[in-house]
Amino acid sequence: MNQAFDADADPAMAKWRRQAAAERVRCGVDNQVWMTPEGIPVKPVYTAADLDGIAHLESLPGQPPFTRGTTATMYSTRPWTIRQYAGFSTAEESNAFYRDCLAAGQTGLSIAFDLATHRGYDSDHPRVEGDVGKAGVAIDSVEDMNLLFDQIPLDRMSVSMTMNGAVLPVMAMFIVAAQEQGVDQSALSGTLQNDILKEFMVRNTYIYPPRPSMRIVSDIIAYSAGHMPRFNPMSISGYHMQEAGATVVQELAYTLADGIEYVRAALSHGLQVDQFAPRLSFFFATGMNFFMEIAKLRAARTLWADLMDEHFSPENPDSLRLRTHCQTSGVSLTSLDPYNNIVRTTIEALAAVLGGTQSLHTNSFDEALALPTEQSARIARNTQLILSHETGIRNVVDPLAGSYYVESLTGSLIREARVLIDEIEEAGGMTAAIEAGLPKLRIEEASVLRQARVDQEQEVIVGVNRYPLERETPVDIRILDNHAIRKAQVGRLERVRKSRDKRAVTRSLDALAEVAASGSGNLLESAVAAARARATVGEISDALASVFQRYRAEPGVLGGVYGRAYEGREEFRVIQERVMAFARSEGRRPRILVVKLGQDGHDRGARTIATAFADMGFDVDIGPLFQTPEEAVSQAIENDVHILGISSQVAGHRTLVPAVMAGLKERGSDDIKVVCGGVIPQDDYAYLYARGVSAIFGPGTSVPEAALQILDILESDRVQEHA
């Protein structure tokens, strides 16, 4: 039992406080408390007194509430799974890459699908021209899935699939591919993400509205409980929340609130909690606040055990056990001085391991530039191998247990997350809260505030806003030929359509639509039948959309948040004055349309730019997600904008941006200036400039600096017009 410690009565502590106070005066430091972005005060020193009242200190590893780890022995008997997330271009190329990784020490597969697949489109659909094979592997049919797992024994290999929107056709095709390999579905092991709620909050690769999407989730859980006892039917993901700008408290709270909502959905299908809860898993980001991330995983296990016990009273203790996969932060990677990213990833990986993750993905250092090369992927994988084999950290379970700071921080996260979880409960649960826009609004606000801190150098990023290189060193990057990939994929798709029994396909799709419409039967079971008949991802998705409809979010701009962070600062006032000067001269304020093209739903950058520019005085329009180049051009012309800003995340810029430039010229509106931002390799800058792009802003660009450059472009254009 922890003994109460009176810091005020301890002579040694009193002496330290006098000494520390004198040092702060000598160094000119006024504030001795660091307030984290989560609003948690962090003191410069912690003592035993900070452990008073912390309930989780009594537990041991492997015992509820599992604060110290999910098992009694943790890594001392079994290391975490090295599960690198990968997939690109075609199924053949991804398969060769997977087999090389497995031979080099990787111990599990994690499949990345391209955005066309995520959004339920076949590769020949006109809306996905720039998305096929980018940011993941293209899957259209069971034939692609067979190629993806060729010579990979699915009865022995654990497979994780990050899929949410088109989860039914992808899971169905995985099951059929395994069966055609001779593996019964009962022998399959791995994890399906199947977490649609977070898509409506942050990542946006949804297809259908929230409530029918929740039916898909629960049908998959029910099917897995009956047919796939070794397979985890969902991975409840906070990763994308942190990537979208959520604080650690928001990521923790909203992820667990999602989990509670999914348990309720499964129970509404008539399942008992112990039938499925032991197979649920979680997925968290690991960012650069080292001790905060360690404490987060310990807090997550504690909270989940408590919440499950309070709400559902399971009999099986495994239903209380939170198991998690972690991935190092993508948003912490920088395109400037990118070799620093190797250090960042190592620190984040160490935090995940010390926090007790069950499996881990380490990002490649070049992912802020392009898809990883074989060399960068090897460095990322070897980071985990070195941590596992060379550091000795596997020999002790929860080595930071008892740390005054870590235990106090764990307790603080538990308390702060409870506040947000209770707020979601009061809103009627996470589905209702999402429909009301509550978590999305909170995360967007946190994201904008974080960008303002970086722009003001209150948050230091080495090589970006502090200690930049005078000259960047070129980095070799992976370049994919989108046109060639799409041509090959469409060719195989056409061969599948010609060789299949068309009437059997039609019957299976009609049956699937009937199950969707009637509310009876299991959607995954029907999707398996359609996949076996060689219905495609797009056809299965369209059959469901004929009943559920495709969901379309309304874009909006969050006003005032960025401006408040800059209140009273001279550099911000200068920008606002230049905007007003432009307005006086032109009779209206500078107008910008911010768009995302293709099927990339990562809109953090676009929304931050829209919010910041609006606070600077620009007239800002933001386009709906998933626009085609033609739609973006039409909106820019109809809204009479000066600037069309394109946010790129997944390398579609080489296809989509030239289409925008051509569309503007064809319609006689090439006076609209086009600027680009996001993940664009330096080698592609010349390509885009040659096609008429006026400016390119890479990751790490200061928003005020971008605004000033855009004003320079507009003013230069105005001078030329009047000359």
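Across its 12 residues, helix α20 (residues 537-548) extends 16 Å between first and last C-alpha, which sits within 8% of the 16 Å expected from 1.5 Å per residue. Where burial is concerned, most of α20 is hidden: 9 out of the 12 residues are buried. Taken together, the buried positions of α20 are occupied by Val537, Gly538, Glu539, Ile540, Ser541, Ala543, Leu544, Ala545 and Phe548. In this structure, the buried residues of α20 make contact with α3 (115-118), α5 (167-180), α7 (210-227), α17 (482-499), α18 (502-518) and α19 (523-532). With its phi angle positive at about 75 degrees, Gln549 sits one or two positions after the end of α20.

Below, the discussion takes up the packing of aromatic side chains. For the coordinates displayed, the defined rule picks out 20 aromatic pairs. Taking 5.1 Å as the distance between ring centres and 85 degrees as the angle between the ring planes, the aromatic pair formed by Tyr206 and Tyr551 counts as edge-to-face. Separated by 345 residues along the polypeptide, Tyr206 in the loop between α6 (197-203) and α7 and Tyr551 in the loop between α20 and α21 (561-565) bring together distant segments of the chain. We classify Tyr206 as buried; its relative accessible area is 2%. Taken together, Tyr46, Phe290, Phe291 and Tyr405 form an aromatic cluster joined through their ring pairs. In this structure, Arg119 packs its charged tip against the face of Phe626, placed 3.5 Å from the ring centre.

Another aspect to go through is the sheet that holds strand β13 (residues 619-622). Here we have 5 strands laid out as an open sheet, ordered β13-β12-β14-β15-β16, and parallel in their pairing. Each edge of the open sheet is held by one strand with a lone partner, namely β13 and β16 (695-697). Taken over all neighbouring pairs, the strand axes of this sheet differ in orientation by 20 degrees on average, direction set aside. Here 3 bridges tie strand β15 (residues 673-678) to β16, and the two strands are oriented parallel to one another. Looking at the pairing, Val675 lines up with Ala695 of β16.

What counts and how
- Residues numbered from 1 in each chain as written.
- Predicted model: local features only at pLDDT ≥ 70, side-chain atom pairs only at ≥ 80, totals over all residues.
- Heavy atoms only, no water.
- Helix = DSSP H or I, 4+ residues; strand = E, 2+ residues; numbered from the N terminus.
- Expected span 1.5 Å × (residues − 1).
- Buried < 20%, exposed > 50% of the residue type's maximum accessible area, 1.4 Å probe, protein only.
- Contact = heavy atoms within 4.5 Å.
- Phe/Tyr/Trp six-rings, centres within 6.5 Å; stacked < 30°, edge-to-face > 60°.
- Lys NZ or Arg CZ within 6 Å of the ring centre and 35° of its normal.
- Pairing = 2+ DSSP bridges.
- Axes fitted to C-alpha atoms, helices over the stretch in contact; angles between N-to-C directions.

Function cannot be inferred from these measures alone, as they are strictly geometric.
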